[in-house]
Amino acid sequence: MRDYLHFFVNGQECLVRGADAFQPLSSYLRHKLGMTGTKVVCEEGDCGACTILEGRLKLGKLEYKAINSCIHYVYQADLSHIITVEGLENQGELNAVQESMVACHGAQCGFCTPGFIVALSGYFDQTTEINPPGIKNCVTGNLCRCTGYEPIIKAAMNVDRPSLVPLSQMYPPDKMICAFESELKESASISWNERSVFIPSSLEEAARFKAENPQAVIITGGTDVCVNMNKRAFAPKKLISFANLPGLDDISVSNGMMTVGARVTMSQLKDYVRTTVSEFHNILWLFGSPQIRNAATLAGNIANASPIGDTAPFLFIMDAVLELQGKKGIRQVRINEFYKGYKQLDLNPDEFILSIAIPLPEKDEIIKLYKVSRRKHLDISTNTAAFRLSLKKDIITNIAISYGGVAPVILRLPKTEAFLTGKAFTLEAMREAGEIALTEISPIDDVRGSRAFRNQLARNLMLKLYYDIQEGRVAVCQP
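Within every chain, residues take consecutive numbers counted from 1 along the sequence as written. Side-chain atom pairs in this predicted model are given and counted only at pLDDT of 80 or more, local residue features only at pLDDT of at least 70, and totals for whole chains, interfaces and linings cover all residues. Hydrogen atoms and water are omitted, and side-chain values are computed over all heavy atoms in the structure.

K.L.:
Which parts of the structure should I look at to understand the overall build of the chain?
P.N.:
Starting at the N terminus, helices and strands are each numbered in turn, a helix being any DSSP run of H or I of at least four residues and a strand any DSSP run of E of at least two. Scanning the chain from terminus to terminus reveals 17 helices and 20 strands. A globule of 479 residues ought to have a C-alpha radius of gyration of about 23 Å, and the chain, at 23 Å, matches this closely. Overall, the chain is about 70 × 55 × 45 Å in size when its C-alpha atoms are taken along their principal axes. Sequence-distant contacts, at least 24 apart, represent 64% of the contacts inside the chain between residues at least 6 apart. Residues counted as positive are Lys and Arg, residues counted as negative are Asp and Glu, and His and the chain ends are not counted. Positions of charges follow a simple convention, taking NZ of Lys, CZ of Arg, CG of Asp or CD of Glu. Across the chain, the mean location of the 51 positive side-chain charges is 4 Å away from that of the 51 negative side-chain charges. When we talk radius of gyration, it's over C-alpha atoms, and the globule rule is simply 2.2 Å times the number of residues to the 0.38. We call two residues contacting when some pair of their heavy atoms lies within 4.5 Å.

K.L.:
I'm lost on the pairing of strand 3 (residues 51-58) in this one. Help?
P.N.:
Walk down a regular strand and you will see the side chains alternate between the two sheet faces. Exposure is judged per residue with a 1.4 Å probe applied to protein chains only, and the accessible area is read against the type maximum: over 50% gives exposed, under 20% gives buried, and values in between give partly exposed. Counting buried positions over the 8 residues of strand 3 gives 6, a clear majority of the element. For two strands to count as paired, DSSP must find a minimum of two bridges between them. Bridging between strand 3 and strand 4 (residues 61-68) involves 8 bridges; their strand directions are antiparallel. Paired with Glu54 across the strands is Lys65, a residue of strand 4. In this antiparallel pair of consecutive strands, strand 3 and strand 4, the connection spans 2 residues, and Leu59 shows a positive phi of 55 degrees.

K.L.:
Would you mind going over the nonpolar core with me for this structure?
P.N.:
Only buried Ala, Val, Leu, Ile, Met, Phe, Trp, Tyr and Cys residues count toward a nonpolar core, and they belong to the same one when joined by side-chain atoms within 4.5 Å. If you look at the biggest cluster of nonpolar residues, it comprises 114 residues, and the most contacted ones within it are Leu269, Ile302, Phe314, Ile358 and Tyr403. A per-element tally of this core places helix 17 (residues 451-477) first, with 7 residues. If we ignore the near neighbours within four places in the chain, the residues touching Ile302 are Leu315, Leu322, Ile335, Phe338, Tyr339, Ile353 and Ile356. Among the nonpolar cores identified, the runner-up in size contains 36 residues, and Cys104, Cys112, Ile117 and Ile153 belong to it.

K.L.:
Whenever I open this one, empty space enclosed by the protein confuses me. Can you help?
P.N.:
Only protein atoms enter the 1 Å grid used here. Points where a 1.4 Å probe fits but cannot escape make up a cavity, open sets with protein on both sides within 12 Å along at least five of seven lines make up a pocket, and a residue lines them when an atom lies within 4 Å of a point. Grid points are joined across faces, edges and corners, and a volume is the space filled by probe spheres set on the points. One pass over the full model with this rule turns up 3 cavities of 30 Å³ or more. Size it by volume and the largest cavity reaches roughly 60 Å³. As for the largest cavity, its lining consists of Ile283, Asp310, Pro313, Phe314, Leu369, Tyr370, Lys371, Thr384, Ala385 and Ala386. Those elements giving two or more residues to the lining of the largest cavity turn out to be helix 14 (312-317), strand 17 (365-372) and strand 18 (383-392). Polar here means any residue outside two lists: the nonpolar Ala, Val, Leu, Ile, Met, Phe, Trp, Tyr, Cys and Pro, and the charged Asp, Glu, Lys and Arg; Gly therefore counts as polar. Of the residues that constitute the lining of the largest cavity, the class distribution is 7 nonpolar, 1 polar and 2 charged.

K.L.:
Looking at this structure, how should I read the side chain of Thr311?
P.N.:
Following the sequence through the fold, Thr311 ends up in the loop between helix 13 (298-304) and helix 14. Contact partners of Thr311, with chain neighbours within four places excluded, come to Met266, Phe280, Leu284, Leu298 and Asn301.

K.L.:
In this structure, what is going on with the sheet that holds strand 7 (residues 195-199)? I would like to understand it.
P.N.:
Pairing between sheet strands relies on hydrogen bonds along the backbone, with the strands arranged either parallel or antiparallel. Ordered in space as 6-7-9-8, the 4 strands form an open sheet in which the pairing is mixed. The outermost strands of the open sheet, each flanked by one partner alone, are strand 6 (188-192) and strand 8 (217-219). Taking the axes of each pair of neighbouring strands and ignoring which way they run, one obtains an average angle of 20 degrees across the sheet. One ladder, built from 3 bridges, connects strand 8 with strand 9 (residues 238-241); its direction is parallel. From the neighbouring strand, Val217 faces strand 9, where its bridge partner is Leu239. Axis definition: a line fitted to C-alpha atoms, over the contacting stretch in the case of helices. Angles run 0 to 180 degrees between N-to-C directions. Against the sheet, helix 8 (residues 203-212) makes contact with strand 7, strand 8 and strand 9, and its axis sits at roughly 165 degrees relative to strand 9, the strand it touches most.

K.L.:
Would you explain the packing of aromatic side chains in this entry?
P.N.:
The geometry of an aromatic ring pair is captured by the separation of the ring centres together with the interplanar angle, meaning the angle of the planes. Any two rings among Phe, Tyr and Trp, with Trp reduced to its six-membered ring, count as a pair given centres within 6.5 Å; such a pair is stacked if its planes are under 30 degrees apart, edge-to-face if over 60, and tilted if neither. Summed over all chains, the structure comprises 16 aromatic pairs. For the pair Phe198 and Phe209, a centre-to-centre distance of 4.7 Å together with 25 degrees between the ring planes defines the contact as stacked. Placement of Phe198 in strand 7 and of Phe209 in helix 8 is noted, with a sequence separation of 11 residues between them. Considered together, Phe198 and Phe209 belong to a single accessibility category, that of buried residues. Ring-pair connections join several aromatic residues into one group, and the members of that group are Phe22, Tyr73, Tyr75 and Trp192. Here, a charge over a ring is recorded when the distance from Lys NZ or Arg CZ to the ring centre is within 6 Å and its angle to the ring normal is within 35 degrees. One cation-aromatic arrangement involves Arg2 over Tyr4; the distance from NZ or CZ to the ring centre is 5.7 Å. Positioned above the aromatic ring of Phe111 is the side chain of Lys39, whose terminal nitrogen or guanidinium carbon lies 5.5 Å from the ring centre.

Structural data, given as structure tokens:
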């Protein structure tokens, strides 16, 4: 068993033991390696000043994704290649993205600039397209307080794309891939003082460790847990990282059922459902930022058990099933029965989520998903809602409704569903359904909205469903 972490930074090999393993990657890069181009501002993944590219082994290649290094701890970097802004230079000169930022005056104070450059360099390494929507999406997770975004977007649009050297050419991957493939077969355990992290190489080892250490905190993407570590002094003594477990980053479809592994990121899932479940794709597009989506996982979002989680309402109306791994084997639990109370799960101390099985919508089913928040991106929901229904000659033959942000847990609304089943799909019926929904929810006042506001949203979402479906019908019928 390895007693060290093994990764590369800008092509240079790093072997890490002890205290260094238990700090944010941004701190390690800045203070240990002196790579101060990676900035730290928010320490919670909101501003993107700490953006780096992480290359992980995928189908025999290194696949690079932009992530926030402030909420990505050093032990999560095991068996990866990290590229910082210092590593993007072109033979000692500025690369094409940097040159364009200078030419188009894309920086004032410059504090946010490295993050923008890294995010854009990663974007151009993966696509040949240069268009404003793609560029705007790419830098959604990067905040600039003084330059203004117009010159930054202009700089991105004017990048001399052909002169950019591919990352695989800048950093030939063969040596790294050889090392990673060899060490993927071996687990790692690193300790410092009273803290330890275990990085299993097999599910059997992961299950055994969790059974022996039921208090161990599981880290997949860590986009929520690591914020708590940075901002709320959360310091679990035992951690288990799923970064190197095989097979958990796969998505498959069989007999109308989509199975999502526990390490599948929101970015992977978003791209996969783009054509099969476009409504879910749209919700995932609103989830965090590219840097967050490249690290966060569906399993982590479920296990976090937030009553305003963005993905859970869709999983509720689809009757998704969780596959749980424990010392006694695999157990299946319907997600509608998984939440027992606020942050209380039907999850034994030795168990963890292995995969999520999601039935895909039937051809005649309508899926509508809503997220209400103060801003479009990078914001926590005030309310969420999901609807799944079938109409036959304007009669609701089947309907499933789920609301978030209106109770200690995500809710299905069985009374409202029963009322609407068999009813004509009319505005009046949906208005009555909104009143019945109020009897099934119990929102509270908090910083994102009052109880009265959430009650009104519960009514209005029923009306929005009606108008959105009617508008879609008109659009289809128009010549």
